[in-house]
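The residues making up each chain are set out below.
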Amino acid sequence: MKTKDTKNKKSSNSTGQVHWHSLPVDEIYRRLDTSPEGLTDKSAEERSLKYGWNKLPEKSGVNPVMKFLKHFDNLLIYILLIAAVITALMGNWLVTGVIFGVELINAVIGYIQENKAERAIRGISNMLPGHAKVIRSSQTKSILAESLVPGDIVLLKAGDKIPADIRLTEATNMKIEEAVLTGESLPVNKTTEVFPEESLPADRKCMAYSGTLVTNGIGTGIVVCTGVHTQIGQISKMMEDVQTLSTPLMRKFDRFGKMLAIAIIFLSAIFFMLGYFIQGYALNELFLIVVGIAVSLIPEGLPVLMTITLAKGVLKMAKQNAIIRKLPSVETLGEVTVICSDKTGTLTKNEMTVTDVLLANKQYTVTGVGYSPVGEIFDNGKKVAMGESDGFDELLQGVALCSNSEANKSGDEWSIIGDPTESALLSLALKGGYYGFKNNKRLDIIPFDSSQKFMAVLIPGEHFNTIYLKGAPEKVLEMSVFHGSIGQSDTNSPEWWKEQLSSLASEGKRIIATASKKVPLDYKNILLSDVFNMDFLGIVAMIDPPRQEAIKAIEQCHQAGVEVKMITGDHTLTAKAIGESLNIVKEDNVISGPELEKLSDIELEAVAKKYQVFARTTPEHKLRLVKALQSNGQIVAMTGDGVNDAPALKRADVGIAMGIKGTDVTKDSAEMILADDNFATIAKAVFEGRSIYDNLKKSILFVLPTNGAEGFVMMASVLIGGHMPITPLQILWINLVTAVTLGFALAFEPGEPNVTTRPPRKPNEPILDGFLIWRIGFVSVLLGSITLMVHHFLIQFGADYGHARSAAVNTLVAGEVFYLLNCRYLREPVLGKGFFSNPKVFYAISSVVLIQLFFTYTPFMNILFDTTPLHTRELTWILAAGLLFFIIVEIEKMITKKIFDNDSEKGGYFNPFKKIVPIRKSENGTMKSLWSNPSRNNFM
Ligand code: ATP
């Protein structure tokens, strides 16, 4: 099981680069001036000055000029640029200037905002720095991976990402997945032997390379290269992947932009011909009109607006401890219908404290809170410690020696680092006065694994060696012998122990059993087959109270139509008790892993739907459950922490890894990481995901109809013929003013009040669903008509064309201002609670009002844009028209909400053109949206 550095062949480099894999371990200690006790902090600090930080330089990114120019690389913008060239050729410099102005302002804003968003999102990826477990001055410590230096001694275990290039000095059952380096996804067995100098990286089995992942076993090694000097650093010299700020919705919209561009070219051609052949406009004027139509219809600000909305949302999530790794999942979060959560640490506080110790003939109670070894052990009120009885002493030794947690003493204070269950057990040993684990060297180990649910170590002794085993009690009972008492109502029979553990588990306590076995001195390795016929020592029970905030979050999820299921490795009765205190369990719906194993995939589909708590599960069960739930049409969010959880997380629609207790392997396969490991954060992220999607949709819903209304006014005027109610130049002005002010306010919109109460979004809901198409068409026509009417009535009442045009321009702008208010809620009424919740809306409106006053009342602008200052009477008309428009849209919302609600009850979404669109099922029965499970866009 364990490999050791045997060969002593010495080899050196030829190019100045050291071939660490070909050197024996002693030589490496010598060359790097280090030892198994590790470096001192002082020497590590000195080396850090010499070698620098253990990190790769960030990608410098695209050239800023190219990045800026990219904002012009879009079919719609090409149309605008062609329009600008045409008007320049016609000598109409003012129009050319305004078109360029719109483009330039838009590109500058886009460039600045995109840079800000990229920086911020890069900041998020640095929020969870990697840690490494090292030995320094003979003490085990957890340090930031970036402060590792050559010569550091690193401890590795399954689930870790290798933090630097390491020459292994110990490797027990160690397997490493080196796909990032070699492309080979099958894990490689590691040893500590010396390999020939010329071996390729994939064959250097005594090396663990930075960025690769430990999938099995444990190991120790010496850091030989850090930062850019590592293999991965040499290959890439910089961090992988700069994130592209987009989601499936945004990419779909990009494609929609192309279709829109073609439609605009087509429409412009039609209106050019109409204007020329039917209405008889002069060619000069007609060119301007067509340019006006094209410009008014192009939503140039929309891509930037969507980028900002997305970045703002993702940053907000990060502030709430939900770190998004793959941006497309932001959208999937809003579709989640079921959250499958671990218990320990996510739904519970992860403050494990041993409360009971049970031997065959005695029960002890333990005081204290958390891992701090402050507390006492009592036997019927009498304080006890090591030396109390052989059985008691051996149990304390068993749980403390069979552990990977580390206890360090500084002054009088003990600090414990490591797995919570094991830390609680070490704390118990310290409370009982057992410190022997500090000096004991283990000969071999079978690490804990949630599939086998036990761990064993081989400890050397004077007259014999000892195997200590600890794990889930059913497992340890199976591996133990009870001489002569099996089946009797003895206090040391499996039946008696099962009764005891059931009674402790039904109090919601986690139970660990321990056993030991003496083996001869020449026994140096443990095999799985050695762990049998063990002497059962006793059981230990620990509490881990539920998180109060999780109880509230579960209730919210239920209200929002999101189911919560608890999937735990713990005992069925423990899981049931905790599930009940969290209000997850309904009607005793608790089922265990072994029961799941007996079910076929089809049977599992029904069981996965019916049960809320799944106990004594293994990572394989998690994967089967995700698949079963997905076959039921559910969109699944699944949490995980252990290395074996990675497949279930990858399969889930939203894989969620734990930031604190999660392994690097799970973090690598997750869409989202919880910085605080807290269930309440998942619920918040789901609701935030809904809000971000809403806001993306609101940007579309705001920008397209305002463009539509502008285009409608221009096109209707051509159809009516005669005098244009708004000149092309004025349309360009409106575009310039509103595109860069009003829309941006929506990116800051907080979630609608109903995000926490409405059911999840239908997974097959298209972006431009019937509702959106309807709203865009309705608002475009309504606002365009109101503008034309104001113009028409003013002329009727004797106003001159100058006044009527100025009024029409201001009506269109006023309409857009009012429509911004309408858009704050997609379907709910805007007036009411939360009206002032987004001050940015009011700043944007105030700036537009000021700009419009400048436009309407300054002689300079009057000359430039052919406008006339308006009288109070005309201003009143404009305000009244805007208000009327606002009210009509609110009424329309009320009506469509009613129809929409009815349609969704029937299992479809509102589509006024086709009535009800049924939810489609894909071939395998899942109801995945076009965008769920999108191409994974990993940025951490
Ligand atoms: P949860 O979903 O609650 O987080 P889990 O994934 O932590 O559960 P496992 O880690 O699989 O559950 O643990 C299952 C059982 O294995 C526990 O109930 C306990 O009895 C035992 N166990 C847990 N940790 C260890 C350990 N480090 N060593 C030995 N046994 C352990």
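Residues numbered from 1 in each chain as written. Predicted model: local features only at pLDDT ≥ 70, side-chain atom pairs only at ≥ 80, totals over all residues. Heavy atoms only, no water.

The name an unreviewed UniProt entry gives the protein chain is ATPase, P-type (Transporting), HAD superfamily, subfamily IC, with Cyclobacterium lianum as the organism. Among the UniProt annotations of the protein chain, the heading Subcellular location (unreviewed entry) holds the following wording: "Cell membrane". The Sequence similarities (unreviewed entry) field of the UniProt record for the protein chain holds the comment "Belongs to the cation transport ATPase (P-type) (TC 3.A.3) family. Type IIA subfamily." (UniProt positions renumbered as here; feature names shortened; annotations may be inferred.)

Engineer: Go over the overall build of the protein chain, please, and point to the residues and values.
Structural biologist: Tallying secondary structure elements over the protein chain gives 30 helices and 30 strands in all. Relative to its full complement of 940 residues, the protein chain shows a buried share of 56%. Across the protein chain, contacts joining residues at least 24 apart in sequence account for 71% of those joining residues at least 6 apart. Counting every atom, the protein chain has about 38,500 Å² of accessible surface; 59% of that belongs to carbon and sulfur. (Helix = DSSP H or I, 4+ residues; strand = E, 2+ residues; numbered from the N terminus. Buried < 20%, exposed > 50% of the residue type's maximum accessible area, 1.4 Å probe, protein only. Contact = heavy atoms within 4.5 Å. Areas by Shrake-Rupley, 256 points an atom, 1.4 Å probe, with all protein chains shown as cover.)

Engineer: Summarise helix α26 (residues 770–796); cite the residues concerned and give the values.
Structural biologist: The terminal C-alpha atoms of α26, which comprises 27 residues, lie 38 Å apart, in line with the 39 Å expected from a rise of 1.5 Å per residue. Glycine 798 sits one or two residues past α26 and shows a positive phi near 95°. (Expected span 1.5 Å × (residues − 1).)

Engineer: Report on a nonpolar patch on the surface, specifying residues and quantitative values.
Structural biologist: A contiguous nonpolar surface patch, about 630 Å² in accessible area, is contributed by Met273, Tyr276, Phe277, Ile278, Leu283 and Phe287. Residue assignment for the nonpolar patch shows that the elements contributing at least two residues are α8 (248–278) and α9 (283–297). It is α8 that provides the largest number of residues to the nonpolar patch, a total of four residues. Relative to the elements of secondary structure, phenylalanine 287 occurs in helix α9. (Patch = residues over 30% accessible without salt bridge, like charges linked within 9 Å, V, L, I, M, F, W, Y side chains within 5 Å. Salt bridge = Lys/Arg side-chain N within 4 Å of Asp/Glu carboxyl O.)

Engineer: Tell me about the side chain of histidine 571, and please be specific about residues and values.
Structural biologist: Examined against the element boundaries, histidine 571 turns out to sit in the loop between β23 (563–567) and α17 (572–581). Ignoring sequence-local partners within four residues, the contact set of histidine 571 consists of Glu474, Leu501, Ala505, Ala615 and Arg616.

Engineer: Lay out the nonpolar core in plain terms, naming residues and giving numbers.
Structural biologist: Ranked by internal contacts, the top residues of the largest apolar core, which has 145 residues, are Ile99, Ile339, Leu582, Phe679 and Phe885. Ranked by residues supplied to this core, first place goes to helix α23 (residues 679–720) with 20 residues. If we ignore the near neighbours within four places in the chain, the residues touching phenylalanine 885 are Val779, Leu782, Leu783, Ile786, Gly815, Phe818, Tyr819 and Asn822. (Core = buried A, V, L, I, M, F, W, Y, C linked by side-chain atoms within 4.5 Å.)

Engineer: Give a description of the environment of threonine 787 that names residues and reports values.
Structural biologist: With respect to the helices and strands, threonine 787 occurs in helix α26. Along the backbone, threonine 787 and glycine 882 are 95 residues apart, and their C-alpha atoms lie at a distance of 9.3 Å. Aside from chain neighbours lying at most four places away, what touches threonine 787 is Val713, Ile726, Ala808, Thr811 and Leu812.

Engineer: Report on the site of the ligand, specifying residues and quantitative values.
Structural biologist: The immediate surroundings of the ligand are formed by 21 residues, with Thr344, Lys470, Ile511, Thr568 and Asp570 found nearest. One nitrogen or oxygen atom from the main chain of isoleucine 511 is found 2.8 Å from an oxygen atom belonging to the ligand. Within the backbone of isoleucine 567, an N or O atom sits 3.2 Å from an oxygen atom of the ligand. Mapped by element, the contributors of at least two residues to the shell around the ligand are α13 (420–431), β19 (465–471) and β21 (510–519). Top contributing element to the shell around the ligand by residue count: β21, with three residues. Looking at side-chain class alone, the shell around the ligand contains five nonpolar, six polar and 10 charged residues. Residue assignment places the shell around the ligand across two domains, with domain 4 (332–348 + 547–677) and domain 5 (353–543) each supplying three or more. (Near = heavy atom within 4 Å. Polar contact = N/O pair within 3.5 Å; in protein donor to acceptor, adjacent residues only side chain to side chain. Nonpolar A, V, L, I, M, F, W, Y, C, P; charged D, E, K, R; others polar. Domains from an automatic or database assignment.)

Engineer: Which residues make up the confidence of the model for the protein chain, and what are the values?
Structural biologist: Reading fine detail from the predicted coordinates is not recommended where pLDDT is low. For the protein chain, the mean per-residue pLDDT works out to 83, and 89% of the residues sit at or above 70. Counting interchain partners and residues more than four positions distant, the pLDDT-below-50 stretch residues 237–243 has 17 contacts. Overall, residues 904–940 carries pLDDT values under 50, and its contacts beyond four positions in sequence, including any with other chains, amount to 103 contacts. (pLDDT = per-residue confidence, 0-100.)

Engineer: Talk me through the packing of α23 against helix α27 (residues 801–823); I want residue IDs and the actual numbers.
Structural biologist: Contact geometry of α23 with α27 gives a least axis separation of 10 Å together with a crossing angle of 160°. Comparing their axes, α27 and α23 come out roughly antiparallel. As for the relative orientation of α23 and α27, their crossing is right-handed in sense. In contact with Lys698, Leu701, Phe702, Pro705, Thr706, Ala709, Glu710 and Val713 of α23, α27 contributes Leu812, Glu816, Tyr819, Leu820 and Cys823. (Axes fitted to C-alpha atoms, helices over the stretch in contact; angles between N-to-C directions. Parallel < 35°, antiparallel > 145°, perpendicular 65-115°, else oblique. Left-handed = near helix turned anticlockwise from the far one by under 90°.)

Engineer: Summarise the pairing of strand β4 (residues 153–157); cite the residues concerned and give the values.
Structural biologist: β4 sits mainly inside the fold: four of its five residues count as buried. In this structure, strand β2 (residues 131–136) lies alongside β4, joined through three bridges in antiparallel fashion. Residue pairing across strands places lysine 133 opposite leucine 155, the latter belonging to β4. Looking at chain direction, β4 and strand β8 (residues 213–225) are connected through five bridges and run antiparallel. Following the sheet pairing, leucine 155 is matched in β8 by threonine 220. (Pairing = 2+ DSSP bridges.)

Engineer: Which residues make up the pairing of strand β16 (residues 413–417), and what are the values?
Structural biologist: Here strand β15 (residues 406–410) pairs with β16 via five bridges, running antiparallel. Each residue of the ladder has a partner; that of lysine 409, found in β16, is tryptophan 414. The hairpin formed by β15 and β16 contains two residues between the paired strands, and glycine 411 there has a positive phi angle of roughly 65°.

Engineer: Give a detailed account of the packing of helix α19 (residues 601–610) against helix α20 (residues 619–631), specifying residues and quantitative values.
Structural biologist: The angle between the axes and the distance between the axes are what describe a pair of packed helices. Orientation of α19 relative to α20, taken along the N-to-C sense of each, is 80°, at an axis distance of 8 Å. Here α20 runs roughly perpendicular to α19, going by the angle between their axes. Residue-level contacts link Asp601, Leu604, Glu605, Ala608 and Lys609 of α19 to Arg624, Leu625, Ala628, Leu629 and Ser631 of α20. A per-class count over the contact of α19 with α20 returns five nonpolar, one polar and four charged.

Engineer: So what about the pattern of salt bridges? Which residues, and what values?
Structural biologist: What the rule picks out here adds up to 32 salt bridges. Here arginine 30 and glutamate 27 are joined by a salt bridge, their closest N and O atoms 2.9 Å apart. Of the two residues, arginine 30 and glutamate 27 are both situated in helix α1 (residues 25–31); the distance of three residues between them amounts to about one turn of the helix. Linked by salt bridges that have partners in common, Asp41, Arg136, Lys141 and Asp152 make up one network.

Engineer: Let's hear about the environment of aspartate 165: which residues, and what values?
Structural biologist: Its location among the elements puts aspartate 165 in strand β5 (residues 165–177). Separated by 65 residues in sequence, aspartate 165 and threonine 230 have C-alpha atoms that sit 5.6 Å apart. Those residues in contact with aspartate 165, other than ones at most four positions away along the chain, are Ala208, Tyr209, Ser210, Ile222, Val223, Val224, Cys225, His229, Thr230 and Gln231.

Engineer: So what about the sheet that holds strand β28 (residues 672–674)? Which residues, and what values?
Structural biologist: Taken together, the eight strands give an open sheet; going across it, the order is β9-β28-β27-β26-β10-β23-β25-β24, and neighbouring strands pair in mixed fashion. Looking along the sheet, the strands with just one partner apiece sit at the ends: β9 (322–324) and β24 (590–592). For this sheet, the mean angle separating the axes of adjacent strands, direction not counted, is 20°. The sheet contact formed by strand β10 (residues 338–341) and strand β26 (residues 636–640) spans three bridges and is parallel. Residue pairing for β26: isoleucine 339 is matched across the bridge by alanine 637. Set on the sheet, α19 makes contact with β23, β24 and β25 (613–615); between it and β23 the angle comes to about 110°.

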